[in-house]
Amino acid sequence: MNEPNKTAQQKITKKDLWAVNWRWALASQIQWNYERMESSGYLYSILPVLKKLYGHDKDKFREMMKAENQYYNTAASMGHIVLGLDIAVQEQEGIGAKDIVPGLKTGLMGPLAGVGDSMWGVIWGTIWGSLACAFAVKGSPVGVLMWLMANLCIYVPFRFWSIFAAYNQGVKLVTTMKDKLNAMTKSATMLGVMVVGAMIPTVVNAKVPFVYKNGGMKIVLQDMLDQIMPHLIPVCLVALAYWLLGRKHMNSNRVIWIMLGLSIVLYSLKILG
Amino acid sequence: MSQGIAIWQIALLTLYAFFSINESLMLNLGFIRPVFAGAITGAIMGDLKLGLMVGGTMELMQLGISAFGGASIPDFFLGAVVGTTFGILAGKGVQFAIGVGVPVGLLMLQLDILARFANTALLHRVDKAVEAVAPRKIEMWTLMGSVFWGLSRALPVLIILSFGQPVVNTLLQIMPDWLMGGLKVAGGVLPVVGISILLRYLPTKDFVPELLVGFVLAAYLNVPILGVTLVGLAAAVYDFKKHGKDREAAAVTAPAATASDEGGFQGDE
């Protein structure tokens with residue numbers, strides 16, 4: 001189905017896609033609200049394309065803007081993909097796309113949000129965040145800079161690249177990429193868990209100051225504990241917090257308050273210091 | 001006793017708060033993370049190292065937290081900014097800074113809510129602009145959201161830094177040893193919360209061997225964290241490749257393999 005009044009100058013160019021890219025990157029969540037979440041952010045992003053395709057016809061323009069200003073919410077990291085697909089469909093179908101686009105958007109936003117949150121939100125954040133922390137608690141900015149560089153060199157290029165991939169490859173991309181990202185998330189989880197395991201001895205600091213003296217004999221309790229296992233106390237504290245988090249009526253806030261209180265009590269009892 | 005904070009420092013930190021919350025909604029390079037907040041606040045206040053230590057500890061409490069609890073999320077960004085600032089002003093070191101920052105973070109819950117409510121009003125202006133086919137207005141009312149977001153962080157920073165000093169001074173005067181020492185211990189202990197949240201959130205039960213390897217490398221062999229990361233990276237790449245081959249094999253043998261698979265043979269010609 002071809003629009004009769006579609007002319008060559010209405011063709012979407014690379015430049016248009018870049019404009020949409022930047023708009024989504026900068027404004028997708030800037031007006032996030034409880035009523036329709038990212039609706040305006042999406043409309044704002046695709047506006048240059050709508051203007052190009054329908055700017056000559058006020059009614060069509062309005063109709064399409066309304067269609068693009070509906071409830072919408074996905075991970076900012078994956079939103080470029082939906083825009084790429086949307087634009088490809090509109091370029092082909094013209095105003096007829098207004099019946100296809102809403103389904104496309106609502107169908108994709110959930111799965112993509114899931115993939116985006118677990119890959120970029122949790123795993124990516126865990127790995128670089130852990131590194132940054134391990135350096136930072138020792139007073140070094142190296143980890144922070146590495147995190148920043150990783151975001152600039154991998155995360156941002158992925159976002160900007162994905163709109164072109166989606167525009168060129170169509171819906172096929174979503175299935176292949178979803179599979180790949182899921183597999184990648186699983187592998188990256190291995191890395192993430194290993195780093196978390198290494199964090200326990202690196203960033204937790206809890207020592208027992210107790211020293212037993214009897215005549216010439218002197219026993220440092222911490223040395224004995226170290227012989228059983230290095231960093232035994234941090235491991236026990238992690239186990240305690242882990243167990244607490246699994247209890248009913250528990251949330252991370254309460255566990256932080258408990259740990260804060262526990263530290264003060266254990267210090268007063270001279271068990272930790 | 002503590003010295004005062006300069007007006008330019010308050011102004012810079014307020015601007016930084018306004019900028020970073022907006023940036024987190026844009027490219028999200030990390031400026032809103034507590035560890036960045038600690039570093040940047042430390043740099044502005046003249047003690048980068050202390051800022052990093054405070055921010056790093058706060059970051060450890062926040063890692064994975066947003067993914068875990070459905071409950072209220074503490075604002076450790078504010079905790080890091082406020083804790084670092086007053087820690088440096090008071091000259092009492094990292095522990096005091098953490099002692100100030102953690103409660104601030106815990107008490108400043110979800111300032112997001114204010115911004116997200118305010119933005120609903122803007123949405124209705126956008127709707128009107130759509131009806132009138134006024135693209136310029138649509139753009140303006142959309143971007144206006146950045147003001148509400150910015151203020152949701154900038155105002156608390158401005159207020160706490162401007163008026164918080166007397167509170168901190170009083171704290172310093174009355175703080176008994178058991179509290180000061182307790183906070184010192186807490187600075188070392190609190191990271192366990194973030195670690196536990198991550199362990200709860202990640203499918204740890206399926207990855208116990210990896211957890212042990214990471215721990216042993218760091219605890220017994222004293223491998224620095226970057227070294228452990230590289231070992232983990234090797235394991236992850238190996239796993240990804242291996243499963244990639246499994247997937248390909250499955251695709252070839254499965255009768256339902258699509259004909260469009262590149263490189264796959266098409267048997268029934």
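Fair warning: this is a prediction, and the values are worked out from it, not measured in the lab. (Residues numbered from 1 in each chain as written. Chains lettered and ligands numbered in written order. Predicted model: local features only at pLDDT ≥ 70, side-chain atom pairs only at ≥ 80, totals over all residues.)

Engineer: Which residues make up the overall build of chain A, and what values do they have?
Structural biologist: Scanning chain A from terminus to terminus reveals 10 helices and two strands. Along chain A, helices and strands appear, N-terminal first, in the series α-α-α-α-α-α-α-β-β-α-α-α. Over its C-alpha trace chain A gives a radius of gyration of 27 Å, far above what one expects of a compact globule, namely 19 Å for 273 residues. On the principal axes, the C-alpha backbone points of chain A span a range of 100 × 35 × 30 Å. Counting only contacts in chain A whose residues sit at least 6 apart along the sequence, the fraction spanning at least 24 positions is 67%. (Helix = DSSP H or I, 4+ residues; strand = E, 2+ residues; numbered from the N terminus. Rg over C-alpha atoms; globule rule 2.2 N^0.38 Å. Contact = placed C-beta atoms within 7 Å.)

Engineer: How would you summarise the domain arrangement of chain A if you had to cite specific residues and measurements?
Structural biologist: Looking at the assigned domains, one finds that chain A contains domain 1 (8-107), domain 2 (110-203) and domain 3 (211-268). On a C-alpha basis, the centroid separation for the pair domain 2 of chain A and domain 3 of chain A is 32 Å. (Domains from an automatic or database assignment.)

Engineer: A description of the packing of helix 7 (residues 172-203) of chain A against helix 12 (residues 191-201) of chain B should follow, citing residues and the corresponding values.
Structural biologist: Packing of helix 7 of chain A against helix 12 of chain B brings their axes to within 10 Å, and their N-to-C directions diverge by 170°. By the angle between their directions, the pair helix 7 of chain A and helix 12 of chain B is classed as roughly antiparallel. Residues A:Val196, A:Met199, A:Ile200 and A:Val203 of helix 7 of chain A lie in contact with helix 12 of chain B, whose contacting residues are B:Pro191, B:Ile195, B:Leu198 and B:Leu199. In terms of residue class, the contact of helix 7 of chain A with helix 12 of chain B is made up of eight nonpolar, no polar and no charged. (Axes fitted to C-alpha atoms, helices over the stretch in contact; angles between N-to-C directions. Parallel < 35°, antiparallel > 145°, perpendicular 65-115°, else oblique. Nonpolar A, V, L, I, M, F, W, Y, C, P; charged D, E, K, R; others polar.)

Engineer: Could you give an account of the environment of A:Glu91, naming the residues involved and the relevant values?
Structural biologist: Within the secondary structure, A:Glu91 sits in helix 4 (residues 79-93). For the pair A:Glu91 and A:Leu53, spaced 38 residues apart in the sequence, the C-alpha separation amounts to 7.7 Å.

Engineer: Can you lay out the nonpolar core for me, pointing to particular residues and giving the numbers?
Structural biologist: Core analysis: the biggest nonpolar cluster contains 152 residues, and A:Met259 and B:Val192 have the highest contact counts within it. With 17 residues, helix 5 (residues 101-136) of chain A is the single largest residue contributor to this core. Beyond its immediate chain neighbours, meaning those up to four positions away, B:Val192 contacts A:Val204, A:Pro234, A:Leu237, A:Val238, A:Ala241 and A:Met259. (Core = buried A, V, L, I, M, F, W, Y, C linked by C-beta atoms within 7 Å. Buried ≥ 20, exposed ≤ 12 C-beta atoms within 10 Å, placed from the backbone.)

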